Amino acid sequence: MPMLPFALSFYFSLSTAFYFHVGEREEKCIIEDIPSDTLVTGTFKTQQWDFRRQDFLESAPGLGMFVTVTTYNDEVLLSKLHGPQGRFYFTSHSPGEHIICLESNSTRLVSFGGSKLRIHLEIRVGQHDLDAAIAQAKDKVNEVSFKLEHLIEQIEQIVKEQNYQRDREENFRMISEDTNSNVLWWAFAQTLIFIAIGIFQMKSLKNFFIAKKLV
Amino acid sequence: MGDNIWRPCPVLLLAGLLPALLPGTASFTPSLDSDFTFTLPAGQKECFYQPMPLKASLEIEYQVLDGAGLDIDFHLASPEGRTLVFEQRKSDGVHTVETEDGDYMFCFDNTFSTISEKVIFFELILDNMGEQEQEQEDWKKYITGTDMLDMKLEDILESINSIKARLSKSGHIQTLLRAFEARDRNIQESNFDRVNFWSMVNLVVMVVVSAIQVYMLKSLFEDKRKSRT
């Protein structure tokens with residue numbers, strides 16, 4: 001019984017969530033730069049454009065969505081076919097950019113004018129759903145304890161991000177220092193080679209003129 | 001409490017920040033956040049929509065993280081289609097609007113660029129989404145607050161709510177700093193590649209030019225010798 005109000009709130013909450021339009025066979029990707037060992041939860045809902053009514057249907061019957069998650073070195077973490085509405089999870093093994101792609105499995109070869117999908121999307125990084133827990137709380141004490149757990153998760157996520165930020169900044173500093181030293185090194189090398197070429201040119205021309213009895 | 005769940009509560013959680021509107025909590029500070037990073041190919045335009053209730057506040061902040069020129073066109077329209085903000089070739093921007101009821105549309109336009117794709121980061125901050133709910137919560141507080149334990153728990157809940165709001169703000173600032181750093185790092189990486197590439201080209205050109213010089217001088221004298229004989 002507690003699942004029913006939760007399921008309905010899931011439906012209602014997504015219908016007022018952030019959304020965008022895509023063509024039927026188009027793939028839409030989102031980049032998430034996250035630290036390691038982080039749980040990412042995504043919830044989506046698809047609506048199909050009804051050509052006759054010139055409006056979006058409440059859902060997209062018979063249409064599935066491919067959800068693919070790849071890391072920055074092309075390792076596939078998740079690749080699954082969901083229905084028109086669904087929820088997906090993945091945990092990152094290594095820090096970095098993860099690319100979440102959504103594509104519908106529409107088999108229509110030609111998407112005639114006006115055929116598009118509306119996708120509602122919600123992506124949560126590092127924290128579990130507080131609403132579901134609150135809905136199941138029997139009394140105030142439970143509610144307080146759920147909220148405290150959530151606060152702890154929030155703090156842990158912020159600390160994780162901070163550590164990851166430190167790594168990235170070190171990377172950044174390394175690149176800056178490399179660029180700085182490379183500029184100097186290239187200038188030195190070019191000066192030396194320039195001088196060497198100058199000496200070589202003068203020597204070879206002098207020998208040439210002497211050989212040709214012009215000097 | 002059951003009643004509030006059945007209402008269409010706009011509960012948005014994105015990127016580590018929390019839904020502000022929780023049924024049964026008194027005097028909560030509703031503040032919702034969401035952020036996205038995506039790649040916009042050259043010559044394309046991408047639009048996003050956000051449903052908003054009346055008298056809430058919508059703040060949009062965007063930044064171009066990567067792509068030659070680091071600029072993009074931005075367009076924000078109200079639910080009736082009226083243009084609220086139109087910016088051209090900017091690399092970042094912040095806009096806050098007091099909302100009416102309906103779907104707000106904002107678009108990023110990369111049609112002016114023919115070859116370079118842009119990586120765009122944007123953040124939506126929604127405030128006061130549950131203003132209408134708050135009077136009801138106060139009324140409920142009077143009914144349930146007669147028990148001493150309940151009142152103490154309400155105090156604890158309120159502290160927790162304020163801590164949560166502040167943590168959300170910290171997370172939000174962290175996301176922003178991350179975006180700034182990502183952009184600076186991208187610029188620096190392209191600097192590094194540029195320095196290496198053009199220095200190498202410079203060196204090769206110098207060597208080739210000097211070899212050609214020597215060769216041409218020598219060839220001038222060769223011809224003269226031949227014409228003499």
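Residues numbered from 1 in each chain as written. Chains lettered and ligands numbered in written order. Predicted model: local features only at pLDDT ≥ 70, side-chain atom pairs only at ≥ 80, totals over all residues. Heavy atoms only, no water.

The name given to chain B in an unreviewed UniProt entry is Transmembrane emp24 domain-containing protein 5 isoform X1, and the organism recorded there is Vulpes vulpes. Looking at chain B in UniProt, the text filed under Sequence similarities (unreviewed entry) is "Belongs to the EMP24/GP25L family." (UniProt positions renumbered as here; feature names shortened; annotations may be inferred.)

In the annotation of an unreviewed UniProt entry, the entry for chain A reads Transmembrane emp24 domain-containing protein 11, and the organism field reads Vulpes vulpes.

Student: Got a minute to help me understand the overall build of chain B in this structure?
Tutor: In terms of helices and strands, chain B carries three helices and eight strands. The linear arrangement of helices and strands in chain B, starting from the amino end, is α-β-β-β-β-β-β-β-β-α-α. Relative to its full complement of 229 residues, chain B shows a buried share of 49%. Counted over contacts in chain B with a minimum sequence separation of 6, partners at least 24 positions apart contribute 72%. Just so you have it, chain B exposes about 11600 Å², and 58% of that area is on carbon and sulfur atoms. (Helix = DSSP H or I, 4+ residues; strand = E, 2+ residues; numbered from the N terminus. Buried < 20%, exposed > 50% of the residue type's maximum accessible area, 1.4 Å probe, protein only. Contact = heavy atoms within 4.5 Å. Areas by Shrake-Rupley, 256 points an atom, 1.4 Å probe, with all protein chains shown as cover.)

Student: Can you help me understand the side chain of A:Asn182 in this one?
Tutor: If you trace the backbone, A:Asn182 turns up in helix 3 (residues 140–211). Here the side chain of A:Asn182 touches B:Asn196 through a polar contact of 2.6 Å, side chain to side chain. Other than its neighbours up to four places away in sequence, A:Asn182 contacts B:Phe192, B:Val195 and B:Asn196. (Polar contact = N/O pair within 3.5 Å; in protein donor to acceptor, adjacent residues only side chain to side chain.)

Student: Would you mind showing me how to read the environment of A:Val76 here?
Tutor: Along the polypeptide, A:Val76 turns up in strand 6 (residues 76–82). Taking C-alpha positions, A:Val76 is 9.6 Å from A:His98, a pair spaced 22 residues apart along the chain.

Student: Looking at this structure, how should I read the pattern of salt bridges?
Tutor: Should the charged atoms of two oppositely charged side chains come close, the side chains can pair. Applying the stated rule across the entire model yields 11 salt bridges over all chains. Between B:Asp35 and B:Arg178 there is a salt bridge whose closest N-O contact spans 3.6 Å. Note that B:Asp35 is positioned in strand 1 (residues 31–40) and B:Arg178 in helix 3 (residues 148–228), a separation of 143 residues in sequence. In terms of burial, B:Asp35 and B:Arg178 fall into one category: buried. Here B:Arg82 ties to B:Glu100 by a salt bridge, and the two come within 3.7 Å at their closest N and O atoms. Separated by 18 residues along the polypeptide, B:Arg82 in the loop between strand 4 (72–77) and strand 5 (83–90) and B:Glu100 in the loop between strand 6 (92–98) and strand 7 (102–109) bring together distant segments of the chain. When salt bridges that share partners are traced, they join A:Glu161, B:Asp35 and B:Arg178 into one network. (Salt bridge = Lys/Arg side-chain N within 4 Å of Asp/Glu carboxyl O.)

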